[in-house]
Amino acid sequence: MSAQEVAQAFVQHYFTQRDANVDALASLYQPSSCMTFEGTMVQGGPAIVQKLKSVGPVKHQVKGMDVQPSTSSSAMLIFVTGSVSIGSDNPLHFCQMFQLVSTGPGAYYVHNDIFRLNYGL
């Protein structure tokens, strides 16, 4: 699969699970994985999932995605933009960046994850 195909499959899987079953995301992270969520950094799958759960129910609509190679041929950066509804609130714009690192042929984990809401757009 090309980097674009991997990224598309990852983004579809991530946001489907994020909206429906956030606990299923734990397997995408390793103990060394870091997430910065609105300026607060957490490390490791359980802490990342707990942070995501603390937001409450969400519904994402992905509107754009860009992919670049990262520091080696076994890693890539994915930048996602879209809107998110938190609970029953009106949608807000968001951006999220992932660095995926390969653990073997066709297998990746999220090493870095940065999420920000975009206010005033």
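Residues numbered from 1 in each chain as written. Predicted model: local features only at pLDDT ≥ 70, side-chain atom pairs only at ≥ 80, totals over all residues. Heavy atoms only, no water.

### Brief notes about the packing of aromatic side chains
Here the distance between the centres and the angle between the planes together describe a pair of aromatic rings. Filter applied, for reference: Working definition: rings of Phe, Tyr and Trp (its six-membered ring) pair if their centres are within 6.5 Å, and the pair is stacked with planes under 30 degrees apart, edge-to-face with planes over 60 apart, and tilted otherwise. Comment: elements are numbered from the N terminus, with helices defined as DSSP H or I runs of at least four residues and strands as E runs of at least two. Each residue is assigned to one of three classes by its accessible area relative to the maximum for its type, calculated with a 1.4 Å probe on protein chains only: buried under 20%, partly exposed between the two thresholds, exposed over 50%.
In the structure shown here, the tally under the stated rule is eight aromatic pairs. Ring centres 4.8 Å apart and planes at 65° place the aromatic pair Tyr-14 and Phe-98 in the edge-to-face group. Placement of the pair is Tyr-14 in helix α1 (residues 3–20) and Phe-98 in strand β5 (residues 92–104), with a sequence separation of 84 residues. Here the two residues Tyr-14 and Phe-98 agree in accessibility, since each one is buried. Where Phe-94 meets Phe-115, the ring centres are 5.7 Å apart and the plane angle is 15°; that geometry is what we call stacked. Placement of the pair is Phe-94 in strand β5 and Phe-115 in strand β6 (residues 107–118), with a sequence separation of 21 residues. Note on Phe-94: relative accessible area 1%, which makes it buried. With a relative accessible area of 6%, Phe-115 lands in the buried category. Taken together, Phe-10, Tyr-14, Phe-15, Phe-37, Phe-94, Phe-98 and Phe-115 form an aromatic cluster joined through their ring pairs.

### Some details on the environment of Cys-95
To keep it simple, the criterion reads: Any two residues whose heavy atoms approach within 4.5 Å at even a single point are treated as in contact.
With respect to the helices and strands, the residue Cys-95 is situated in strand β5. Residue classification places Cys-95 among the buried residues on the basis of a relative accessible area of 17%. Beyond its immediate chain neighbours, meaning those up to four positions away, Cys-95 contacts Phe-79, Val-80, Thr-81, Ile-114, Phe-115, Arg-116 and Asn-118.

### Considering the UniProt feature "domain: NTF2" (unreviewed entry) in the protein chain
The line we're drawing: UniProt positions are given in the numbering used here, feature names are shortened, and annotations may be inferred rather than shown by experiment.
Summarizing the sequence annotation, UniProt attributes the feature "domain: NTF2" (unreviewed entry) to residues 6–117 in the numbering used throughout. In residues 6–117, helix accounts for 22% and strand for 54%; the two terminal C-alpha atoms are 25 Å from one another.

### A word on the environment of Leu-92
Its location among the elements puts Leu-92 in strand β5. Expressed as a C-alpha distance, the spacing of Leu-92 and Lys-63, which sit 29 residues apart in the sequence, is 12 Å.

### A word on the pairing of strand β4 (residues 75–86)
The cut-off we apply is this: Two strands pair if DSSP finds at least two bridges between them.
Taken together, the 11 bridges between strand β3 (residues 58–69) and β4 define a ladder with antiparallel strand orientation. If you follow Val-62 over to β4, its bridge partner there is Gly-82. Counted along the chain from β3 to the antiparallel partner β4, the turn is five residues long. As paired elements, β4 and β5 share 10 bridges and run antiparallel to each other. For Leu-77, the partnering residue across the bridge sits in β5 and is Gln-99.

### Examining unusual backbone geometry
Despite not being glycine, Glu-38 has its phi angle at roughly 50°, a positive value. Along the polypeptide, Glu-38 turns up in the loop between β1 (29–37) and β2 (40–43).

### Re the state of the cysteines
We apply this condition: Disulfides are defined as cysteine sulfur pairs within 2.5 Å.
Counting across every chain of the model gives zero disulfides. Among the cysteines around Cys-95, which has no disulfide bond, Cys-34 carries the closest sulfur, lying 18 Å off.

### What to know about the sheet that holds β5
This is how it is decided: Each axis is a line fitted through C-alpha atoms, and for a helix only the stretch in contact is used; angles between axes span 0 to 180 degrees, taken between their N-to-C directions.
Read from one edge to the other, the open sheet built from six strands follows the order β2-β1-β6-β5-β4-β3, with strand pairing classed as mixed. Edge positions in the open sheet fall to β2 and β3, since each of these has one partner strand only. On average, each strand axis in the sheet is tilted by 20° relative to the strand beside it, whichever way the strands run. Contacts from α1 reach β1, β3, β4, β5 and β6 within the one sheet, and its direction differs from that of β3 by about 160°. Contacts from helix α2 (residues 45–54) reach β1 and β2 within the one sheet, and its direction differs from that of β1 by about 30°.

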